[in-house]
Amino acid sequence: MKDLWPIIAAVVILLASASVIYIAKKNGGELPKPSPSPSPAVAVQLTADKQPKVAMQFDAKGNYVTVSISNLFADQLEYNLIYDATVKGNQIQTGVNASTSVKGKSTYSQKQLLGSESSGKFTYHTNIKNAVMELTLRDESRSSVFSASYPFEVTPGKSSELKAN
């Protein structure tokens, strides 16, 4: 049986070579070209008149912010508020986020804690610097139709409209 393995290997190689030559001759001397796989559809981005307007209203202590977004033309809204802050005496990069369905809605408003809560105990983020809101809107197929970054400053007791970078 040991003596048969080289013969079997040679036959397999010969058959594979013959198949390649046969296919090449059948296609006019050329090997078949691989067909590209279809690429996913690219979502059309929102035109300028359909882009959202973003505003923030901070409470008197700067512990909470109400995020308001109007002029919505999307099915899903996602945002991250990312910033440097002091948390329990340590300076860290942290933030908060939200994700929700806004299908059929033209406005969104949500009061957001700038900190964390566990079992009724609150830890507020302080000395917030280098703050940015990253906003993404998605269509019903979850493709992004709008994405922008909005820098902001925590201004206790005040509101401001944000402009995208």
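Basis of the calculations
Residues numbered from 1 in each chain as written. Predicted model: local features only at pLDDT ≥ 70, side-chain atom pairs only at ≥ 80, totals over all residues. Heavy atoms only, no water. Helix = DSSP H or I, 4+ residues; strand = E, 2+ residues; numbered from the N terminus. Buried < 20%, exposed > 50% of the residue type's maximum accessible area, 1.4 Å probe, protein only. Contact = heavy atoms within 4.5 Å. Areas by Shrake-Rupley, 256 points an atom, 1.4 Å probe, with all protein chains shown as cover. Polar contact = N/O pair within 3.5 Å; in protein donor to acceptor, adjacent residues only side chain to side chain. Pairing = 2+ DSSP bridges. Axes fitted to C-alpha atoms, helices over the stretch in contact; angles between N-to-C directions. Core = buried A, V, L, I, M, F, W, Y, C linked by side-chain atoms within 4.5 Å.

1. Comments concerning the overall build of the protein chain
No. 1: On a plain count of helices and strands, the protein chain comes out with one helix and 10 strands.
No. 2: Taken from N to C terminus, the helices and strands of the protein chain fall in the order α-β-β-β-β-β-β-β-β-β-β.
No. 3: Scored against the burial criterion, the 165 residues of the protein chain give a buried share of 30%.
No. 4: For the protein chain, the share of sequence-separated contacts (at least 6 apart) that also reach a separation of at least 24 residues comes to 57%.
No. 5: Of the roughly 11200 Å² of accessible surface on the protein chain, 55% is carried by carbon and sulfur atoms.

2. Brief notes about the side chain of Thr-86
No. 1: Inspection of the secondary structure puts Thr-86 in strand E3 (residues 76–87).
No. 2: Among the polar contacts listed, one links the side chain of Thr-86 to the side chain of Asn-127, at a separation of 3.3 Å.
No. 3: Among all residues touching Thr-86, those that are not within four sequence positions of it are Gln-91, Tyr-124, His-125, Thr-126 and Asn-127.

3. Topic: the sheet that holds strand E4 (residues 90–101)
Strand pairing in a sheet relies on backbone hydrogen bonds. The paired strands run either parallel or antiparallel.
No. 1: The four strands are arranged E4-E3-E8-E9 in an open sheet whose pairing can be described as antiparallel. Among the strands making up the open sheet, the edge pair consists of E4 and strand E9 (144–152). Strand after strand, the sheet turns through a mean of 15° between neighbouring axes, direction not considered.
No. 2: Both E3 and strand E8 (residues 126–138) contribute to a ladder of nine bridges, which runs antiparallel. Paired with Glu-78 across the bridge in E8 is Thr-136.

4. Points about the pairing of strand E7 (residues 121–124)
No. 1: Bridging between strand E6 (residues 115–118) and E7 involves four bridges; their strand directions are antiparallel. Note that in E7 the partner of Ser-116 across the bridge is Thr-123.
No. 2: Following E6, the chain reverses through two residues before pairing antiparallel with E7; Ser-119 in that reversal takes a positive phi of roughly 50°.

5. Quick look at the sheet that holds strand E1 (residues 53–58)
No. 1: Pairing is antiparallel across the open sheet formed by four strands, whose spatial order is E5-E2-E1-E10. A strand with exactly one partner marks an edge of an open sheet, and here the two such strands are strand E5 (107–113) and strand E10 (159–162). With direction set aside, neighbouring strand axes in the sheet form an average angle of 20°.
No. 2: Inspection of the sheet shows E1 paired to strand E2 (residues 64–70) by six bridges, in the antiparallel sense. Note on E2: the bridge partner recorded for Phe-58 is Val-65.

6. Structural notes on the nonpolar core
No. 1: Core analysis: the largest hydrophobic core is formed by 31 residues, its most contacted members being Leu-81 and Met-133.
No. 2: Residue assignment for this core shows that the elements contributing at least two residues are E1, E2, E3, E4, E8 and E9.

7. Concerning the pairing of E8
No. 1: Where E8 and E9 come together, eight bridges link them in antiparallel fashion. Across the sheet, Glu-134 pairs through a bridge with Ser-149, a residue of E9.
No. 2: Connecting the antiparallel pair E8 and E9 is a turn made up of five residues, with Arg-142 showing a positive phi of about 70°.

8. Structural notes on the environment of Phe-58
No. 1: Take Phe-58: it is sitting in strand E1.
No. 2: On the accessibility criterion, Phe-58 (2% relative accessible area) is buried.
No. 3: In this structure the C-alpha to C-alpha distance between Phe-58 and Val-154, which are 96 residues apart in sequence, comes to 7.0 Å.
No. 4: Excluding residues within four positions of it along the chain, Phe-58 makes contact with Tyr-64, Val-65, Leu-114, Phe-152, Glu-153, Val-154, Thr-155, Pro-156, Gly-157 and Lys-158.

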